Amino acid sequence: MADAADYRQALLAPHPFWATLSPTTVKQRIEHMLASPDCVALIQALPPIEYAVLLKAAPDMRALLLQLGQPEQIRTVIDLDCWHQDTLQSTRVLEWLEELQRSGADTFAQTLETLDTETLVVTLHRHMRVSAALPPEEEDEPRPYDEVLANELYTVEFVDPESPINERIAAFLQFVRLTTELNVYNRLMQEVMWAQESELEEWAYRWKTGRLQDESIPEYYEALAAFHIVDVAPLTPLPLDTAERPGIPISAEETGLVPTYAWGLTLSHSPLQQALHDTLPQATLERLCWEMVALCNKAIVLDQVDFADTTAVRTSLERVHAYLNIGLEYLSASQQKPLATLLSTHSLLSICQVGFSLSMRLRQRALRLHTHLHRSTGVRRALAGLAQHVVRGLLQTWHPQFFVGLAVPGELVYRDFAYLQDIHLVEPVLQALEHDPAYDAVWDAS
């Protein structure tokens, strides 16, 4: 497993791939790996998040990446990409099955064997119905023989005869029948015939949740629970001895490598980097590595990131670093403690929750103001120009946005809160509105 040097390298070394994540850098990284004599080992050592990004953001290289990957790796990417919260996205499953067909019969068959039957059956049952074929003499109108859709054993009826998805399903079943043993096709058709969709989807969700948790990737509602508002005045962060420490992902245990994506966006001269440059014991370095991996995984799951959108992936990871930096700076000032001491004595999750809470509480205040101005007995007047921009930024997305014009006059753009100074710039604007007698508002001081 990794030693102190490996952990320090993961925390402090620059990771330009993640810092400049884009379709171009994704393609360059793939080309670099493929040019290596150890390309198979390099690809099979990729952590699930990185493998998913490479597969989704470089469609022209996907077939080759699938051929070089392990079936279990591919299954994990499907687990990541084909669920919206607790609902299976059957069209995405079909897209991956189509990609596997393009990658060749061997890759298709090996991956199909590792996929949960429940996932396949739910996907097919949403678009087709299977029934046992009647003897020819009992058919009202004899059907033309089709080795997949109407043969001596089964007949298939599509739920929506006009759906373009039907062609994908027919092609998939054809590929299964031609490239795998016949019992694989027969078993699949039997399962679809007798499917209880809701029960099977629940089981599929359980299987994929367990596998992803082994990779330190939580299910959606666990990720949602991690990002909650805490009391920051006064604040008693979650002490390390009572914090639940994340385990090491199975793939990382097997390879002995620390995933780089979690620390790839640590900004130079940020509070987080300053703290990391102090002398920290190996046990602390190791804990920080896996806590950050778990924290970034939670953010990606919570944001329901499409891995094909490299900007969205990067934004989700950047936001984690931003909340940590805000939290560290706030705690260091309020508790009069060195940054490194905070990292040594508190979990990253508790520090991140501070930064998250400071920005979300601004959003709550803006929402109360907005509600007051628009309720039936309210003033129903527009806010002044600058205040209007500030409030709009706080409310325009689930994650509040900072109006850059506060820091750089004339700039009419928004971004995530990145520094404690951003919080300090917004607070007086909201405070002035809350105490402006023109709005006739009585605000809860809390």
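Scroll up a little and you will see the structure.
Conventions and cut-offs
- Residues numbered from 1 in each chain as written.
- Predicted model: local features only at pLDDT ≥ 70, side-chain atom pairs only at ≥ 80, totals over all residues.
- Heavy atoms only, no water.
- Phe/Tyr/Trp six-rings, centres within 6.5 Å; stacked < 30°, edge-to-face > 60°.
- Buried < 20%, exposed > 50% of the residue type's maximum accessible area, 1.4 Å probe, protein only.
- Helix = DSSP H or I, 4+ residues; strand = E, 2+ residues; numbered from the N terminus.
- Lys NZ or Arg CZ within 6 Å of the ring centre and 35° of its normal.
- Axes fitted to C-alpha atoms, helices over the stretch in contact; angles between N-to-C directions.
- Parallel < 35°, antiparallel > 145°, perpendicular 65-115°, else oblique.
- Left-handed = near helix turned anticlockwise from the far one by under 90°.
- Contact = heavy atoms within 4.5 Å.
- Nonpolar A, V, L, I, M, F, W, Y, C, P; charged D, E, K, R; others polar.
- Core = buried A, V, L, I, M, F, W, Y, C linked by side-chain atoms within 4.5 Å.
- Expected span 1.5 Å × (residues − 1).

## A few points about the packing of aromatic side chains
Okay, step 1: Considering all chains together, one arrives at 13 aromatic pairs under this definition.
Okay, step 2: Measuring from centroid to centroid gives 5.0 Å for Phe17 and Trp18, while their planes differ by 75°, and the two rings are edge-to-face.
Okay, step 3: For Phe17, a relative accessible area of 10% translates into the label buried.
Okay, step 4: Ring centres of Phe403 and Tyr414 lie 5.5 Å apart, and the angle between their planes is 50°; on these two criteria the pair is classed as tilted. Of this pair, Phe403 sits in strand β5 (residues 401–403) while Tyr414 sits in strand β6 (residues 414–416), placing them 11 residues apart in sequence.
Okay, step 5: A relative accessible area of 4% means that Phe403 is categorised as buried.
Okay, step 6: A network of ring pairs unites the aromatic residues Phe227, Tyr323, Phe356 and Trp398 as a single cluster.
Okay, step 7: The ring of Trp96 has Arg62 lying over it, and the distance from NZ or CZ to the ring centre is 5.8 Å.
Okay, step 8: Over the face of the ring belonging to Trp203 we find Arg206, whose NZ or CZ atom lies 4.6 Å from the ring centre.

## A few points about the packing of helix α21 (residues 385–395) against helix α22 (residues 420–434)
Okay, step 1: Two elements in contact, α21 and α22, have axes whose closest approach is 10 Å; the angle formed by their N-to-C orientations is 110°. What the angle tells us is that α21 and α22 run roughly perpendicular. The element α21 and its partner α22 pack so that their crossing is left-handed. Between α21 and α22, the contacting residues are Ala387, Val390, Val391 and Leu394 on the first element and Val426, Val429, Leu430 and Leu433 on the second.
Okay, step 2: In terms of residue class, the contact of α21 with α22 is made up of eight nonpolar, no polar and no charged.

## Considerations on the nonpolar core
Okay, step 1: Membership of the largest hydrophobic core comes to 134 residues, with the highest contact counts inside it found for Met128, Phe172, Leu173 and Trp263.
Okay, step 2: It is helix α17 (residues 282–302) that provides the largest number of residues to this core, a total of 12 residues.
Okay, step 3: What Phe172 contacts, discounting residues up to four positions off in sequence, is Leu97, Gln101, Phe108, Leu112, Leu120, Leu124 and Leu188.

## Topic: the packing of helix α7 (residues 71–81) against helix α9 (residues 105–114)
Describing two packed helices takes the angle between their axes plus the distance from one axis to the other.
Okay, step 1: Running from N to C, α7 and α9 cross one another at 65°; their axes reach a closest spacing of 9 Å. By crossing handedness, the relation of α7 to α9 is classed as right-handed. Between α7, through Pro71, Glu72, Ile74 and Arg75, and α9, the contact on the second element is made entirely by Thr107, Gln110, Thr111 and Thr114.
Okay, step 2: For the contact of α7 with α9, the per-class residue count stands at two nonpolar, four polar and two charged.

## Section: helix α18 (residues 310–335)
Okay, step 1: Between its first and last C-alpha, α18 extends 37 Å over 26 residues, near the 38 Å set by a 1.5 Å rise per residue.
Okay, step 2: Gln336 occupies a position one or two residues after α18 and carries a positive phi of about 55°.

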